[in-house]
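What follows is each chain in one-letter form.
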Amino acid sequence: MTLSVVVPVYNEAQVLPELHRRLLAVLHAQADSFEVIYVDDGSKDDSVAVMRALQREEPGVGVLRLSRNFGKEAALSAGLRATCGACVIVIDADLQDPPELIPEMLRAWRDGHDVVNMHRRSREGETWFKTTSAGLFYGLLNRLSQVPIPEDVGDFRLLSRRAVAALNAMPERNRYMKGLFAWVGFGQLTLDYDRDPRAAGVAKQNYWRLWGLALDGITSFSFVPLRVASMGGLLAAGLAFALTVFYSLKALLYGDAAQGFPTLIVAILTLGGLNLLAMGVIGEYLGRLFMESKQRPLFLVDEFTLPLTRRPVRRAAAAAGAQDVQEGS
Ligand code: UDP
Ligand code: MG
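Residues numbered from 1 in each chain as written. Chains lettered and ligands numbered in written order. Predicted model: local features only at pLDDT ≥ 70, side-chain atom pairs only at ≥ 80, totals over all residues. Heavy atoms only, no water.

This part takes up the site of ligand 1. If you check the shell around ligand 1, you find 19 residues, and the closest are Asp41, Asp94, Gln96, Lys204 and Arg209. In the environment of ligand 1, an oxygen atom lies 2.9 Å from a nitrogen or oxygen atom belonging to the backbone of Tyr10. Asp94 places a side-chain nitrogen or oxygen 2.5 Å from an oxygen atom of ligand 1. Here ligand 1, which alone exposes 530 Å², has 96% of that area covered by the protein. Residue composition of the shell around ligand 1, by class: 5 nonpolar, 4 polar and 10 charged. (Near = heavy atom within 4 Å. Polar contact = N/O pair within 3.5 Å; in protein donor to acceptor, adjacent residues only side chain to side chain. Areas by Shrake-Rupley, 256 points an atom, 1.4 Å probe, with all protein chains shown as cover. Nonpolar A, V, L, I, M, F, W, Y, C, P; charged D, E, K, R; others polar.)

Printed below as a string of structure tokens:
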């Protein structure tokens, strides 16, 4: 198997047929053997039925169903583990990542690159707020993280088998995939592309989720926030000491006129705020540590229907025209 394509799917019944058509047009033209793994991340619409229908038409399609909605990062991790291709391409279901770029990515892989990042030159159909907040976030992340994480590179990318093996071997539960892809290293190449608007349906990643993802990204690639908290504490303590000396001397030398109520309030509020902020920062790390320590699996698989092309025993039957796809294998 040369190429595996992983598609995380959450309520994408509207776009799946069109995605499938465009994807297969490209994959068949590439003429190599391929598989497409659709990962159903607990969809509540007809996505699963659509996938099954697509699977009946095309022997290279596998359907991996998770037991519920685990989020895109987990769906991607599940998909990557299910692949067997010499290289793997991760692509969104909503057609924001054009499948027509796959040949270019494969060319880069054949030239010896292990990770081919797809950099968004433009973001059509995305709000000003999203573009700006994304820009600020990537700027901050890269200042904090020791591994450079390419800006404006989504999950659309190609990974060689050894890069996938490295990702699969990572035991962590907090999976900020964009960071993990970069962490892997090897020969990375970044290509530019124009990101299309969503073909149909609505974005599933709301701002609250993205905020969580942003915190995941920062906390799993940097402990600078903790250091900032401790430096802030050190500064505040230093200032407090200096002020103690200053006010003591002042009281001793000039007597104590009870004034300075506003200063007092400001000082209390500032320090109280900084205290809570620092505790919040520690809490973000601690909470993640807590989740890691539970050692729960990243996701649970409901069923995985292998592509026909990967079922050696049934291949003959498939060639004979048998269309039934046994479930649960
Ligand atoms: N997705 C998923 N699980 C989720 C949310 C999203 O598998 O809980 C999939 C979704 O079906 C799509 C991809 O992740 O294929 C990207 O989602 P979306 O378009 O909502 O995000 P954005 O383009 O804003 O990053
Ligand atoms: Mg999208």
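From this point, things continue past the structure.
Summary: where empty space remains is shown by rolling a probe the size of a single water molecule over the atoms. Estimates place the volume of the second largest pocket at around 810 Å³. As for the second largest pocket, its lining consists of 24 residues, of which Phe70, Ala74, Arg173, Asn174 and Asp216 are closest to the centre. Of all the elements in the fold, those that place two or more residues in the lining of the second largest pocket are helix H3 (72-82), helix H8 (207-221) and helix H10 (261-294). With 5 residues, H8 is the single largest residue contributor to the lining of the second largest pocket. In terms of residue class, the lining of the second largest pocket is built from 9 nonpolar, 5 polar and 10 charged. (1 Å grid on protein atoms, 1.4 Å probe; cavity = no way out; pocket = protein on both sides within 12 Å on 5 of 7 lines; lining within 4 Å. Points joined across faces, edges and corners; volume = space filled by probe spheres on them. Helix = DSSP H or I, 4+ residues; strand = E, 2+ residues; numbered from the N terminus.)

Turning our eyes to something else, we now look at a nonpolar patch on the surface. Together, Phe241, Val245, Leu249, Leu252, Leu253 and Tyr254 give the surface a local cluster of nonpolar side chains, amounting to about 750 Å² of exposed area. Within the fold, Phe241 resides in helix H9 (residues 224-254). (Patch = residues over 30% accessible without salt bridge, like charges linked within 9 Å, V, L, I, M, F, W, Y side chains within 5 Å. Salt bridge = Lys/Arg side-chain N within 4 Å of Asp/Glu carboxyl O.)

Buried residues dominate strand E2 (residues 34-40), accounting for 7 of its 7 residues. Alternating positions in E2 separate into two faces, Phe34, Val36, Tyr38 and Asp40 on one and Glu35, Ile37 and Val39 on the other, with burial throughout. Both strand E1 (residues 3-9) and E2 contribute to a ladder of 7 bridges, which runs parallel. By the bridge assignment, Val6 is partnered in E2 with Ile37. Crossover connection from E2 via helix H2 (residues 47-57) to parallel strand E3 (residues 61-66): handedness right-handed. (Buried < 20%, exposed > 50% of the residue type's maximum accessible area, 1.4 Å probe, protein only. Pairing = 2+ DSSP bridges. Right-handed = clockwise from strand over helix to strand, strands pointing away.)

This brings us to the pattern of salt bridges. As enumerated under the stated definition, the model contains 15 salt bridges in all. Salt-bridge contacts for Asp155 lead to Lys72; the nearest nitrogen and oxygen are separated by 3.0 Å. Taken together, the residues span a long stretch of sequence, with Asp155 in strand E6 (residues 153-160) and Lys72 in helix H3 at a distance of 83 residues. Assigned by exposure class, Asp155 and Lys72 land together as buried. Taken together, the shared-partner salt bridges in this structure form one network comprising Asp40, Arg52, Arg65, Asp302 and Glu303.

This part covers the packing of H9 against H10. Any two packed helices are characterised by the angle at which their axes cross and by the distance between the axes. Packing of H9 against H10 leaves a shortest axis separation of 9 Å and a crossing angle of 155°. The angle between H9 and H10 falls in the class roughly antiparallel. Handedness of the H9/H10 crossing: left-handed. Of H10, the residues touching H9 (which contributes Pro225, Leu226, Ala229 and Ala236) are Leu271, Ala278, Val281, Ile282 and Tyr285. Looking at the contact of H9 with H10 residue by residue, the class counts come to 9 nonpolar, no polar and no charged. (Axes fitted to C-alpha atoms, helices over the stretch in contact; angles between N-to-C directions. Parallel < 35°, antiparallel > 145°, perpendicular 65-115°, else oblique. Left-handed = near helix turned anticlockwise from the far one by under 90°. Contact = heavy atoms within 4.5 Å.)

According to the stated counting rule, one finds 1 cavity of 30 Å³ or more in the structure shown. Computed from the structure, the largest cavity encloses a volume of approximately 30 Å³. Along the walls of the largest cavity sit Thr2, Leu3, Leu27, Gln30, Asp32, Ser33, Phe34 and Leu106, which together make up its complete lining. Considered class by class, the residues forming the lining of the largest cavity number 4 nonpolar, 3 polar and 1 charged.

Now for the nonpolar core. Counting residues in each nonpolar core, the largest one holds 40 residues, and the members touching the most others are Val39, Leu64, Leu80, Phe137, Leu159, Leu167 and Tyr176. Those elements giving two or more residues to this core turn out to be E2, E3, H3, strand E4 (87-90), helix H5 (128-144), helix H6 (161-168), helix H7 (177-184) and H8. With 6 residues, the single largest contributor to this core is H3. Counting residues in hydrophobic clusters, the runner-up holds 36 residues, among them Ala93, Leu106, Val116 and Met118. (Core = buried A, V, L, I, M, F, W, Y, C linked by side-chain atoms within 4.5 Å.)

Next up on the list: H7. Counting buried residues along H7, 7 of its 8 residues qualify, which places the element largely inside the surrounding structure. The elements touched by buried residues of H7 are H3, H5, E6, H6, strand E7 (188-195) and H8. Positive phi appears at Gly185, one or two residues downstream of H7, with a value of about 80°.

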